[in-house]
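Structural overview for review
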Amino acid sequence: MPVASNVDELGPEGDAEKEGLPINELFCSLQGEGKFAGIPSVFVRTSGCNLRCWFCDSYHTSWEPTGAWLSIEDIVDEILSYDQADHVVFTGGEPMIHEESVELLDELADHGYHTTVETNGTIYRDAAIDLASISPKLASSTPTAERDPKGDGEWADRHKQRRIDMDALTALVDKYESQLKFVVTGGDDMVEIESLVKRVRDATNTTVPGEDVLLMPEGMTREELDAKRNDVAELAMEYGYRYTPRLHVDLWNDAPGT
Ligand SMILES: C[S@@+](CC[C@H](N)C(=O)[O-])C[C@H]1O[C@@H](n2cnc3c(N)ncnc32)[C@H](O)[C@@H]1O
Ligand SMILES: Nc1nc2[nH]cc(C(=O)O)c2c(=O)[nH]1
Ligand code: SF4
Ligand SMILES: [Mg+2]
């Protein structure tokens, strides 16, 4: 599905008067990340995000959001056209900033789809979600002036302030089957990961076993992953967490539509 137009201000306030959802891309591939890696899935990528990770592999949904506004009905029709998949991965950008996400997820449940929502964990909504795939953002994701892909660190403070919302995170873990999927840039991230996992375990009413805490190497290209994946796999073994690959990068080098 082609990207149609530029969208300037997409956020919790930016789409209040529009109907449907701003869609950046919609395609069929294999789930590349997490406990369902390898399963044929239709990916629906919304545009707009409340954070700005320096490493964001979906630049045109966060730093420069683009997309076409589609009605829920048109989105569902397009998903139905891929009859090889019974899983839908709803991602972004940050899909949970959009109120109409709830309607889409409810429709998908009515059609019998298994839904995974890829979210940064800062916004809770009550919806038909089969797996909340939560990727809380660590301090190492902050777009400092040196790492900013677009400007000079203008987003750093907002990003820092918003990246962890314990109430939203706990509500997601309490309500849905979930996985916590951390993007690991190196061993220095582990102190913060351990502390966050402890805080979530202390706050939630459910258990969070080590197998539901996933370490994923940071990297948008095969070369970047080549340099990091073994170190991250070793960290997973050392700490008792699960390692997740990025299959779409390993297989297709994160080409569009994969
Ligand atoms: C583009 S995000 C969209 C969903 C949501 N905004 C989030 O961050 O979870 C999809 C997934 O890609 C991960 N991701 C983004 N850029 C990455 C990178 N350079 N290396 C590894 N994972 C990355 C995110 O952490 C998240 O798990
Ligand atoms: N194949 C594939 N698997 C994915 N799992 C999560 C993705 C995402 O961007 O949220 C993603 C993606 O972009 N491609
Ligand atoms: S939260 Fe997700 S979509 Fe937003 S900037 Fe970070 S990785 Fe990209
Ligand atoms: Mg992706």
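As named in an unreviewed UniProt entry, the chain is 7-carboxy-7-deazaguanine synthase, taken from Halapricum hydrolyticum. Reading the Catalytic activity (unreviewed entry) entry of the UniProt record for the chain gives the comment "6-carboxy-5,6,7,8-tetrahydropterin + H(+) = 7-carboxy-7-carbaguanine + NH4(+)". The record held by UniProt for the chain lists under Subunit (unreviewed entry) the comment "Homodimer."

**A short note on the UniProt feature "binding site: S-adenosyl-L-methionine" (unreviewed entry) in the chain**
UniProt's feature table lists "binding site: S-adenosyl-L-methionine" (unreviewed entry) at Phe-55, Cys-56, Asp-57, Gly-93, Ser-135, Pro-136 and Lys-137, given in the numbering used throughout. Its location among the elements puts Asp-57 in the loop between β3 (40-46) and β4 (66-70). Each residue touching Asp-57, except ones within four places of it in the same chain, is listed here: Met-220, Arg-246 and Asp-254. Considering the arrangement of structural elements, one finds Lys-137 in the loop between β7 (131-134) and α3 (156-162). Excluding residues that lie within four positions of it along the chain, Lys-137 makes contacts with Leu-51, Cys-53, Phe-55, Asn-120, Arg-163 and Ile-164. Side-chain polar atoms of Lys-137 contact the backbone oxygen of Ser-135, separated by 2.7 Å.

**Some points on the site of ligand 1**
In the vicinity of ligand 1 there are 22 residues, among which Phe-55, Gly-93, Ser-135, Lys-137 and Lys-181 approach most closely. Take Glu-94: an N or O atom from its side chain is 3.3 Å from a nitrogen atom of ligand 1. A distance of 2.8 Å separates an oxygen atom of ligand 1 from a polar side-chain atom of Lys-137. Across the complex, the protein chains shield 95% of the 540 Å² of accessible surface that ligand 1 would expose by itself. Listed by contribution, the elements that provide at least two residues to the shell around ligand 1 are β6 (114-119), β8 (178-184) and β9 (213-217).

**Digging into helix α2 (residues 101-110)**
Of the residues making up α2, those classed as buried are Ser-101, Leu-104, Leu-105 and Leu-108. Burial along α2 is one-sided: seen end-on, the buried residues are contained in an arc of 95°. Of the surrounding elements, those touching the buried residues of α2 are β2 (21-30), α1 (72-80), β5 (87-91) and β6. Directly beyond the C-terminal end of α2, a positive phi value near 85° is found at Gly-112.

**Some points on the environment of Leu-214**
Assignment of secondary structure puts Leu-214 in strand β9. Under the relative-accessibility criterion, Leu-214 is labelled buried at 0%. Sequence-wise, Leu-214 and Ala-128 are 86 residues apart; in three dimensions their C-alpha atoms are separated by 23 Å. Sequence-distant contacts of Leu-214, that is, excluding residues within four places in its chain, are made with Gly-34, Lys-35, Gln-179, Leu-180, Lys-181, Phe-182, Arg-242 and Thr-244.

**A short note on the side chain of Thr-122**
Structurally, Thr-122 is set in the loop between β6 and β7. Polar side-chain contacts of Thr-122 include one of 2.9 Å to the side chain of Asn-50. There is a polar contact of 2.7 Å between the side chain of Thr-122 and the side chain of Asn-120. Setting aside anything within four residues of it in sequence, one finds Thr-122 in contact with Asn-50, Leu-51, Arg-162, Arg-163, Asp-165 and Ala-168.

**What to know about helix α5 (residues 190-203)**
Given a rise of 1.5 Å per residue, 14 residues ought to cover 20 Å, and the 20 Å separating the end C-alpha atoms of α5 matches this to within 8%. All buried positions along α5 are accounted for by Met-190, Ile-193, Leu-196, Val-197 and Val-200. Here the buried residues of α5 occupy an arc of 125° about the axis, which is enough to place them on one side. With respect to the buried face of α5, the exposed residues turned more than 90 degrees away are Val-191, Lys-198 and Asp-202. The elements touched by buried residues of α5 are α4 (166-175), β8, β9 and α6 (222-239).

Reading the values: the criteria
Residues numbered from 1 in each chain as written. Chains lettered and ligands numbered in written order. Predicted model: local features only at pLDDT ≥ 70, side-chain atom pairs only at ≥ 80, totals over all residues. Heavy atoms only, no water. UniProt positions renumbered as here; feature names shortened; annotations may be inferred. Helix = DSSP H or I, 4+ residues; strand = E, 2+ residues; numbered from the N terminus. Contact = heavy atoms within 4.5 Å. Polar contact = N/O pair within 3.5 Å; in protein donor to acceptor, adjacent residues only side chain to side chain. Near = heavy atom within 4 Å. Areas by Shrake-Rupley, 256 points an atom, 1.4 Å probe, with all protein chains shown as cover. Buried < 20%, exposed > 50% of the residue type's maximum accessible area, 1.4 Å probe, protein only. Arc of directions from axis to C-beta. Expected span 1.5 Å × (residues − 1).

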